[in-house]
Amino acid sequence: MYKSKPVLILKTFTNKELKKLGEYIISPFFNKNQKVIDLFALLKKYHPNYEGLGLKREKIFKKLFGTVKFEEQKLRYLMSDLTKLIEGFLVHEDQIQNSHKFYQSLLNVYTNRKLEKYFQTTFNSYQNQLSRNTIKNIEYYLNTYLLQESEFIFNATMSN
């Protein structure tokens with residue numbers, strides 16, 4: 001378990017991030033598997049170093065499944081499900097922290113749903129945000145380009 005993907009990712013989390021991840025994992029919108037919640041709760045106890053005998057695969061399995069005979073594959077499925085949740089959380093947090101990605105995603109959603117009014121409102125809001133940027137660096141020009149590309153794609157979609 002020490003070198004498993006979810007553990008290696010969890011090692012990078014601050015206490016605050018770990019708490020938010022816990023809220024994400026227990027949300028029935030994102031996860032309905034109680035065993036994944038239990039696995040996360042077990043792993044969380046070893047934060048931040050994730051060391052100790054309790055992290056051996058067999059011990060984790062026994063805590064999750066009791067007297068059921070150890071099945072490596074069953075544990076791997078849970079670890080995979082937990083990893084997907086952790087990755088989803090990281091992407092979600094990145095989207096929230098980076099307004100450019102958020103706006104691009106939202107514009108894409110409105111384009112796909114052909115919601116012209118909401119596309120225009122979001123487009124104008126994002127355009128205003130970009131125009132207030134006093135530093136005209138490569139990030140500014142990239143985001144301006146992506147905004148114009150979104151407008152082009154939206155117009156092409158609406159004309160079909």
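Our subject is the structure that appears above.
Because the structure is predicted, anything quoted here is derived from the model rather than measured.

How would you summarise the overall build of the chain if you had to cite specific residues and measurements?
Scanning the chain for helices and strands turns up eight helices and zero strands. Moving toward the C terminus, one meets the helices and strands of the chain in the order α-α-α-α-α-α-α-α. Relative to the globule expectation of 15 Å for 160 residues, the C-alpha radius of gyration of the chain, 21 Å, shows a markedly less compact shape. Across its three principal axes, the chain shows a C-alpha extent of roughly 60 × 35 × 20 Å. Out of the 160 residues in the chain, the part that is buried amounts to 34%. Sequence separation of at least 24 residues holds for 60% of the intrachain contacts in the chain that already meet a minimum separation of 6. In the form shown here, the chain has an accessible surface area of approximately 10500 Å², with 55% of it arising from carbon and sulfur atoms. Looking at charge distribution, the chain has the averaged site of its 25 positive side-chain charges lying 6 Å from that of its 15 negative ones.

So what about unusual backbone geometry? Which residues, and what values?
The residue after His47, namely Pro48, is reached through a cis peptide bond having omega 5°. In this fold, Pro48 is placed in the loop between α3 (34–44) and α4 (57–65). The phi angle at Tyr50 is positive, at roughly 55°, despite the residue not being glycine. Inspection of the secondary structure puts Tyr50 in the loop between α3 and α4. Of note in the backbone geometry, Lys114 takes a positive phi value of approximately 55° without being a glycine.

Account for the environment of Ile60, with residues named and values stated.
Within the secondary structure, Ile60 is located in helix α4. When the C-alpha positions of Ile60 and Ile96 are compared, they lie 33 Å apart, and in sequence the two are 36 residues distant.

Which residues make up the pattern of salt bridges, and what are the values?
Across all of its chains, the model carries five salt bridges by this definition. Two residues, Glu93 and Lys20, come together in a salt bridge whose shortest N-O distance is 2.9 Å. Linking Glu93 in helix α5 (residues 72–97) with Lys20 in helix α2 (residues 15–26), this pair joins segments that are 73 residues apart in sequence. In this structure Glu93 comes out as buried when scored by relative accessible area, which is 13%. Look at Lys20 and you get partly exposed, because its relative accessible area is 35%. Between Arg76 and Glu72 there is a salt bridge whose closest N-O contact spans 3.3 Å. Remark: Glu72 and Arg76 occur in helix α5; sequence separation between them is four residues, near one turn of the helix. The class for Glu72 is partly exposed, based on a relative accessible area of 25%. One connected set of salt bridges, linked through shared partners, spans Arg57, Glu72 and Arg76.

Got a sec to walk through the packing of aromatic side chains? Specific residues and values, please.
Overall, the coordinates contain twelve aromatic pairs when judged by the stated rule. On the basis of an interplanar angle of 70° and a centroid distance of 6.2 Å, the ring pair of Phe102 and Tyr103 is categorised as edge-to-face. Overall, the relative accessible area of 40% leaves Phe102 in the partly exposed class. Judged by its relative accessible area of 15%, Tyr103 is buried. Ring plane angle 40° and centroid distance 5.9 Å describe the contact between Tyr110 and Tyr118, whose orientation is recorded as tilted. Given a relative accessible area of 18%, Tyr110 falls into the buried group. Taken together, the aromatic side chains of Phe13, Tyr24, Phe29, Phe30 and Phe89 make up a single cluster linked through ring pairs. The ring of Phe65 carries Lys74 above its face, with NZ or CZ at 4.6 Å from the centroid. Cation over ring: Lys136 sits above Tyr140, and NZ or CZ is 4.4 Å from the ring centre.

So, how was this worked out
- Residues numbered from 1 in each chain as written.
- Predicted model: local features only at pLDDT ≥ 70, side-chain atom pairs only at ≥ 80, totals over all residues.
- Heavy atoms only, no water.
- Helix = DSSP H or I, 4+ residues; strand = E, 2+ residues; numbered from the N terminus.
- Rg over C-alpha atoms; globule rule 2.2 N^0.38 Å.
- Buried < 20%, exposed > 50% of the residue type's maximum accessible area, 1.4 Å probe, protein only.
- Contact = heavy atoms within 4.5 Å.
- Areas by Shrake-Rupley, 256 points an atom, 1.4 Å probe, with all protein chains shown as cover.
- Lys, Arg positive; Asp, Glu negative; His and termini not counted.
- Charge placed at Lys NZ, Arg CZ, Asp CG, Glu CD.
- Salt bridge = Lys/Arg side-chain N within 4 Å of Asp/Glu carboxyl O.
- Phe/Tyr/Trp six-rings, centres within 6.5 Å; stacked < 30°, edge-to-face > 60°.
- Lys NZ or Arg CZ within 6 Å of the ring centre and 35° of its normal.

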